[in-house]
Amino acid sequence: MKKLILLAIILVVGICLFFLIPSHKNSNTLVAYFSATGNTKAVAERLATAIGADLFEIKPEQLYTTEDLNWRDDKSRSSVEMANKDSRPAIADKVTGMEKYKTIFIGFPIWWGREPSIVDTFVTSYDLVDKTMIPFATSGSTPSTEEAAIRLRLLAPNTSVPNGARFPVDVTAEELKTWAGEWL
Ligand SMILES: Cc1cc2nc3c(=O)[nH]c(=O)nc-3n(C[C@H](O)[C@H](O)[C@H](O)COP(=O)(O)O)c2cc1C
């Protein structure tokens, strides 16, 4: 009998804890990122862990080689893509269940002052109506994601797109969590 009562108490306490302890998983938040050389990837992974969001890498169907990334060569793949505002380089995978996400943090390296064309492919591949999409980026020196935000608003007119932020690669998880908190 005593054992039964003890078991019942453990069960009740367990159920109470299950409902009382808040989950740290933001199941309706996605961190999607493109990264050619790893800087944005590091920041995106830190952000997703810090806020408990799902993570999705925007992987190009055809990976960018070092030559592709040469901005000094106006015939390199990145230069050609970025010179054409309608360029939409193909992405290898799709996000499954995009409908369930209400908030999307979208990360990328700044290329030519804005988001790389493959980010435009991503944004125009889904119905993002009524979602919030927050840009974040790494860059050599460009200080903000404002130019990218202006373009993303045009590509996703029924999506709320704040200006977002540019981060140094060594931004801490705590700093990212505080920043992201505004939209969570
Ligand atoms: C094609 C190309 C264009 C770039 N244009 C800019 C730019 O306009 N401003 C800037 O500050 N950095 C620029 N960069 C530097 C990247 O934004 C920076 O190295 C970034 O951290 C790379 O991120 P990733 O490692 O995630 O690809 C450019 C890099 C490449 C490859």
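This is a predicted model, so every value here is computed, not measured.

Reading the values: rules and limits
Counting restarts for each chain, with residues numbered from 1 along the sequence as it is written. Under the rules for a predicted model, residues below a pLDDT of 70 receive no local features and side-chain atom pairs below 80 are neither given nor counted, while totals for whole chains, interfaces and linings still include all residues. Secondary structure elements are taken from DSSP: a helix is a run of H or I of four residues or more, a strand is a run of E of two residues or more, and numbering for both begins at the N terminus. Here, a strand pair is defined by DSSP locating no fewer than two bridges between the strands. The burial label depends on the number of other C-beta atoms within 10 Å of a residue's C-beta. Counts of 20 or more mean buried, 12 or fewer mean exposed, and intermediate counts mean partly exposed, with C-beta atoms placed from the backbone. Note that contacts rest on C-beta atoms placed from the backbone: two residues are in contact if these are within 7 Å.

Section: the environment of Met133
Here is step 1 of the chain: Looking at the element boundaries, Met133 is found in strand E4 (residues 132-138).
Here is step 2 of the chain: Separated by 28 residues in sequence, Met133 and Val161 place their C-alpha atoms 5.1 Å apart.

Topic: the sheet that holds strand E1 (residues 29-33)
Paired through backbone hydrogen bonds, the strands of a sheet run either parallel or antiparallel to each other.
Here is step 1 of the chain: Read from one edge to the other, the open sheet built from five strands follows the order E2-E1-E3-E4-E5, with strand pairing classed as parallel. Where the open sheet ends on each side, the last strands, each with one partner, are strand E2 (54-57) and strand E5 (165-166).
Here is step 2 of the chain: Pairing of E1 with strand E3 (residues 103-109), which is carried by five bridges, proceeds in the parallel orientation. Residue Val31 lies in a different strand from E3, and its bridge partner there is Phe105.

Things to note about the pairing of E4
Here is step 1 of the chain: Burial within E4 is extensive, with six of its seven residues counted as buried.
Here is step 2 of the chain: Relative to E4, E3 runs parallel, the two being bridged by seven bridges. In the strand pairing of E4, Gly107 is matched with Phe136.
Here is step 3 of the chain: Two strands pair when backbone bridges link them, and E4 and E5 are joined in this way by two bridges, in the parallel orientation. Looking at E5, one finds that Ala137 is bridged to Arg166.

Some thoughts on the environment of Ser139
Here is step 1 of the chain: Examined against the element boundaries, Ser139 turns out to sit in the loop between E4 and helix H5 (146-155).
Here is step 2 of the chain: Its 19 C-beta neighbours within 10 Å are what place Ser139 among the partly exposed residues.
Here is step 3 of the chain: Ser139 sits 27 residues away from Arg166 along the chain, and the two C-alpha atoms are 7.2 Å apart.
Here is step 4 of the chain: The residues contacting Ser139, other than those within four sequence positions of it, are Pro109, Ile110 and Arg166.

As far as function goes, none of this settles anything; it's purely spatial.
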